[in-house]
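Each chain is listed here by its residues.
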Amino acid sequence: MNKRKVTLAAAAAGVITGVAGLSLAAMPAGAGQPPSLPDVSAESLVQQVLTSKPGAFGGTVEVDNKLGLPSLAEIPQLADGKHSARIWTDGNGKFRAALPNGQSEQTIVNDGKTTWSWNSADNEVTKAEHKADQPKPDEQKAQSVDPAAAAKQVVGLTKEFSDITVDGTARVANRAAYELVLTPKASEKTLIREVRIAVDAELKMPLRVAVLTNGASEPAGTVGFKEINVGAQDPKLFEFTPPAQAKVTTPEAKEEKGRDRRPELGVEQALQGKDPQIFGTGWDTVVGARIPAEAMTQVPAEAQGLVDKFTKKVSGNWGSGQVFTTKVATILIADDGRVVAGAVPEQVLFDTIGQVK
Amino acid sequence: MTTSTSAPVTAPSKTAVAARTKGLRKEYGSTVAVDRVDLELPEGAVLGMLGPNGSGKTTTIRMLLGLVRPTQGEIELLGRPLPEGAEQALPHVGALVEGPGFHPFLSGRENLVRCAAFEPLLPRKEIKQAVEDAIERVGLAQAAHRRYRGYSLGMKQRLGLAAALLVPRKLVVLDEPTNGLDPAGTREIRKIIGDLHAAGSTVLVSSHLLSEVEATCTHVAVLHRGTVVAQGELTELLQAGGSALQVITPDVETALSALRQAKISARPLGDGLRVELAGTSAPQVIETLVQGGARVFEATRWKTGLEELFARLTEAEEAERGMSAVDTLDGGRR
Amino acid sequence: MITRQFGSEVRWMLRRPRTLIGLFGLVLVPIIISFGIWTASDEGEGGGGPPGLGAILQGNGMVVPIFTLFLSLNLLLPLVASIWAADGLAGEAQHGTLRGLLVAPVSRVRLLFVKLFGLTAMSLFAVTLMAVVGIISGTAFLGNDGMMTLSGTTLSTAEGLVRIGLFILLVTFQMVAIGAVALAVSSATEHPLVVQAATMTTIIVFQVLGQFTSLDWLHPFLITTGFPGLIDVMRDPIPWEQIGDSTLLAGCYLLIGTGLAAIRLVTKDS
Ligand SMILES: Nc1ncnc2c1ncn2[C@@H]1O[C@H](COP(=O)(O)OP(=O)(O)OP(=O)(O)O)[C@@H](O)[C@H]1O
Ligand SMILES: [Mg+2]
């Protein structure tokens, strides 16, 4: 064959390879063939999940979120879209989480005695020394992106109110897993259709949680490992020395400042506050609280605009207020400061809000 | 210096050719630049390529050098088919195509060094010397250190020529080499071509200056509207172009009747007559005249000038376009 | 032979006044950044630099080269790559020198590789130069106690230099990929400005398209999508996934650009 034709063919092959490469990269990674695993009963799998004690591992978690939440500056990982985070744990309570946010990064390290939280965006370290059984807010945040911890919590809270089945197998982060499916019992008045948990066949550790809502075939939210390596992790990961240039503060000081800055977070804080009131059980549990009147009036104009954009004005024999709806949860804020929220349709909230003290 | 005998020979039956084209055709969109060009460039020849503007000279040269792919036809260069054999043939070919092309921010010498770096036949060690030699040869020594940006038209042309002559070549292709040169430069070019010829290189030169071609070339090809209308050895062409004999005689009437009897056409001209040599030869004419009783004082061969030949070959259609061939030629000298 | 041609190509690029001016401009960037951050430090707390990586620049001179390259990758470095690609083929065609090279002869494929090599060598040179000046000016203005990463860990100077070296290679590769596509354009025209305009317009349009979430199906195809991920070099430990993706993406562009340029060159009349 003549040289020119060979050259042209090679060049064309190069172009085609390039284009194919682009298309492949653009295609979502296929799930691949589901692995074949020995049958397992749903009850025993649930039991194993609840009792499994994940050892040391490190991995990358992908949060794929279509909840329709407005993005909160505090937890960018929970805003709509795909986000990833890296977590490492030594299996004994020490852990590190790296939560990238654009070009900056939040790093949370629990070295056993202290929880360090570093945010590169403001070059600031928050240092929380562990005291007996105090909640560590940053740690909770870090764990909210850990599929294993999240799944365990869901299973623990809802197993009695669900029909539990094992629906085949799946491959997650290149590991074989059972698909454990929790379907709310018919009596549950919830927005959620089912929760699918991929449980590692070997470690019995949840690798992925997907929440499916009524009337949607795609999950409203997925938290799962994209990549995981099980086994001892570099101990250096569980140490943290604040960088020389960084400002070091305590969580208390930080909170003070935070409250000044973001009064619009009043709702969230109220619901997570000291004494939320719980109504009902299982999937249609509703959490209620009362926001102090001054917090309601403090909302600045632009924040009010934001609130109005995402909410709908409602009224009923319980009073009037605004309802905020996402695919998996509904929040009702009455004008008098009462707040109720749950993974339920708004009607359930209207029925419940009267009980808020 | 390479001699013509060392060139690869592919057609042993014929005389060796340095380049040959067969049925060459090039279309640019709907424009046919060159059509049915069968060119033969014998080894050791100096071929002058003539033609009015746009007649396809440059296009033909570009195809010969593998710069342009012919739409149809075959090319053979130094015994290799093009474009496949370009890499073997082209190192032996020096070319100056459509004006010199150099980088304005480099000096003449640096430009040549860059050209030399890409010459396959030039060993790295000899680059420096080759560049100096080439500069010397084209008479650029004074300006070699200056930036090309500041060169005059003639200096640019000389530098282009220097690049073509960096390495001893079997074939040198020069597209309008005298463009922009002063009379001295033109003479130098003529000398360079003469030297190349003497050294056995083959030269292909396209030009508008007919006197140039007449003075330097052994062969001529005339292109017109993309086709070759005449080609061959210069002397043969001129003869075939119809030669005549200028006879000086006081006995015009006697001479005319004698020639008419011998069926040789002639007409009075000045103080003698002009005898067409078609179908006869000079000795025969003189014999006829003497026998017929006419006194012959002087008889000179009346050669067709190249200019006349060129005009005849290209002018008929030029006239249709409302411009004479000569006008075109003058217009072509930028 | 080919090394001699490579050498000639690089020498030729370095001799061009435009190249020197461009390199001088590039070198100014890290100096200006260091100086800017240094002056900002006088304004006290929160007087801060730009967001993202900029936030940790204070007192962290080793980050200046990375920050500089990261910023420049969006516009400046593609511009420089496009200029070199434009002069490489379109510029040579414009000056009539391409003909000279082709009848020398240099085979057209070889010519493309010579041009790609020149582009790569000069990109590497420019990026390294920026990084070195960045290290020097960053250390001079902002000080240097090792390199603080986005993850809040502090690397030793040696480790920091390794990261900078890695980043230099990654950025150079992106630049070469852009340059290869620009070479494809360059092979198809005689006007260097067309090449620059086309390349820069593409880069800018890509960046604008990248802003539209409604077009997210398109984003994996845009080379600019890969740029931000390179910042992962500054995280500790390095997450390789995005870096790999960006480099693969650039590799695809490199293949496409080179292939198209080769096709065009081989079929081109000059
Ligand atoms: N790249 C091109 N695109 C389109 N047409 C072209 C191209 N090159 C040449 N032509 C056309 O081909 C024809 C022959 O052009 P060419 O340059 O070969 O003429 P030339 O004999 O060299 O003329 P000149 O004496 O003016 O140099 C002209 O009609 C010209 O317009
Ligand atoms: Mg011409």
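Cut-offs applied
- Residues numbered from 1 in each chain as written.
- Chains lettered and ligands numbered in written order.
- Predicted model: local features only at pLDDT ≥ 70, side-chain atom pairs only at ≥ 80, totals over all residues.
- Heavy atoms only, no water.
- Pairing = 2+ DSSP bridges.
- Helix = DSSP H or I, 4+ residues; strand = E, 2+ residues; numbered from the N terminus.
- Axes fitted to C-alpha atoms, helices over the stretch in contact; angles between N-to-C directions.
- Contact = heavy atoms within 4.5 Å.
- Phe/Tyr/Trp six-rings, centres within 6.5 Å; stacked < 30°, edge-to-face > 60°.
- Buried < 20%, exposed > 50% of the residue type's maximum accessible area, 1.4 Å probe, protein only.
- Lys NZ or Arg CZ within 6 Å of the ring centre and 35° of its normal.
- Core = buried A, V, L, I, M, F, W, Y, C linked by side-chain atoms within 4.5 Å.
- pLDDT = per-residue confidence, 0-100.
- Domains from an automatic or database assignment.
- Buried area = accessible area lost by both parts, 1.4 Å probe.
- Salt bridge = Lys/Arg side-chain N within 4 Å of Asp/Glu carboxyl O.
- Polar contact = N/O pair within 3.5 Å; in protein donor to acceptor, adjacent residues only side chain to side chain.
- Nonpolar A, V, L, I, M, F, W, Y, C, P; charged D, E, K, R; others polar.

S.K.: Can you break down the sheet that holds strand 8 (residues 175-184) of chain A residue by residue, with the values?
M.R.: All names here are of chain A. With mixed pairing, twelve strands are arranged side by side in an open sheet as 7-8-9-10-11-1-2-3-4-5-6-12. Edge positions in the open sheet fall to strand 7 (162-172) and strand 12 (247-249), since each of these has one partner strand only. For this sheet, the mean angle separating the axes of adjacent strands, direction not counted, is 15°. In the packing of helix 4 (residues 147-158) onto the sheet, contacts are made with strand 1 (57-65), strand 2 (81-89), strand 7, strand 8, strand 9 (192-200), strand 10 (206-213) and strand 11 (221-230), and the angle to strand 10 comes to roughly 55°.

S.K.: Can you explain the packing of aromatic side chains? Please cite residues and give values.
M.R.: With the rule as written, the count across this model stands at nine aromatic pairs over all chains. Arranged with centres 5.4 Å apart and planes meeting at 85°, the rings of Phe-57 of chain A and Phe-225 of chain A form a pair that is edge-to-face. Note that Phe-57 of chain A is positioned in strand 1 and Phe-225 of chain A in strand 11, a separation of 168 residues in sequence. Pair check on accessibility: Phe-57 of chain A and Phe-225 of chain A agree, each one buried. Consider the rings of Phe-6 of chain C and Phe-117 of chain C, whose centres lie 3.9 Å apart with planes at 10°: the pair is stacked. One end of the pair, Phe-6 of chain C, is in helix 1 (residues 2-15); the other, Phe-117 of chain C, is in helix 6 (residues 108-142), and 111 residues separate them in sequence. For the cation-ring pair, Lys-156 of chain B lies above Tyr-148 of chain B, with the distance from its terminal atom to the ring centre recorded as 5.6 Å. Geometry around Trp-12 of chain C places Arg-16 of chain C over its ring, the cationic atom sitting 4.4 Å from the centre.

S.K.: An account of the nonpolar core is requested, with residue identities and associated values reported.
M.R.: Counting residues in each nonpolar core, the largest one holds 128 residues, and the members touching the most others are Leu-65 and Leu-77 of chain B together with Leu-53, Leu-69, Trp-84 and Ile-223 of chain C. By size, the runner-up hydrophobic cluster in this structure holds 47 residues, among which are Tyr-148, Val-167, Ile-189 and Ile-192 of chain B.

S.K.: Explain unusual backbone geometry to me, and be specific about the residues and the numbers.
M.R.: Trans is the prevailing form of peptide bonds, just as negative phi is the prevailing case for residues other than glycine. Of note, the amide linkage connecting Ala-104 of chain C to Pro-105 of chain C takes the cis form, showing an omega dihedral of 5°. Within the fold, Pro-105 of chain C resides in the loop between helix 5 (97-103) and helix 6. A cis amide bond links Asp-236 of chain C to the next residue, Pro-237 of chain C, at an omega of -10°. Within the element layout of this structure, Pro-237 of chain C appears in the loop between helix 8 (192-209) and helix 9 (240-267). A positive phi angle, near 55°, is found at Asn-123 of chain A, a position not held by glycine. Take Asn-123 of chain A: it is sitting in the loop between strand 5 (114-119) and strand 6 (124-129).

S.K.: An account of the confidence of the model for chain C is needed here, citing residue identities and associated values.
M.R.: Residue and element names in this part refer to chain C. Looking at chain C as a whole, its pLDDT mean stands at 90, while 96% of the residues score no less than 70. Every residue in residues 44-49 is under pLDDT 50, and counting partners more than four places away or in other chains gives four contacts. Overall fold confidence (pTM) sits at 0.83, and the ipTM for the predicted complex is 0.87.

S.K.: Lay out the domain arrangement of chain B with the relevant residues and their values.
M.R.: Here chain B is described as being made up of domain 1 (17-239) and domain 2 (243-303). The gap between the C-alpha centroids of domain 1 of chain B and domain 2 of chain B is 44 Å.

S.K.: Describe in detail the interface of chain B and chain C, supporting the description with residues and values.
M.R.: By a widespread convention, an interface's size corresponds to the accessible area lost as its parts come together. Counting residues at the interface gives 34 residues for chain B and 28 residues for chain C. Interface of chain B and chain C: buried area, both sides summed, is about 2600 Å²; carbon and sulfur atoms make up 55% of it. Among the residues of chain B in contact with chain C, Leu-67, Arg-114 and Phe-118 of chain B are the three that bury the most area, contributing 29% of the side total. Applying the counting rule to chain B against chain C returns four salt bridges. In this structure, the salt-bridge partner of Glu-9 of chain C is Arg-114 of chain B, at a minimum N-O distance of 3.2 Å. One can count 17 residue pairs in polar contact (both at pLDDT 80 or more) joining chain B with chain C. Taken together, the elements giving at least two residues each to the side of chain B that touches chain C come down to strand 1 (17-28), helix 2 (86-89), strand 7 (93-96) and helix 3 (108-117) of chain B. Among the elements that make up the side of chain B that touches chain C, the one with the highest residue count is helix 3 of chain B (four residues). Of the residues belonging to the side of chain B that touches chain C, the class tally is 21 nonpolar, four polar and nine charged.

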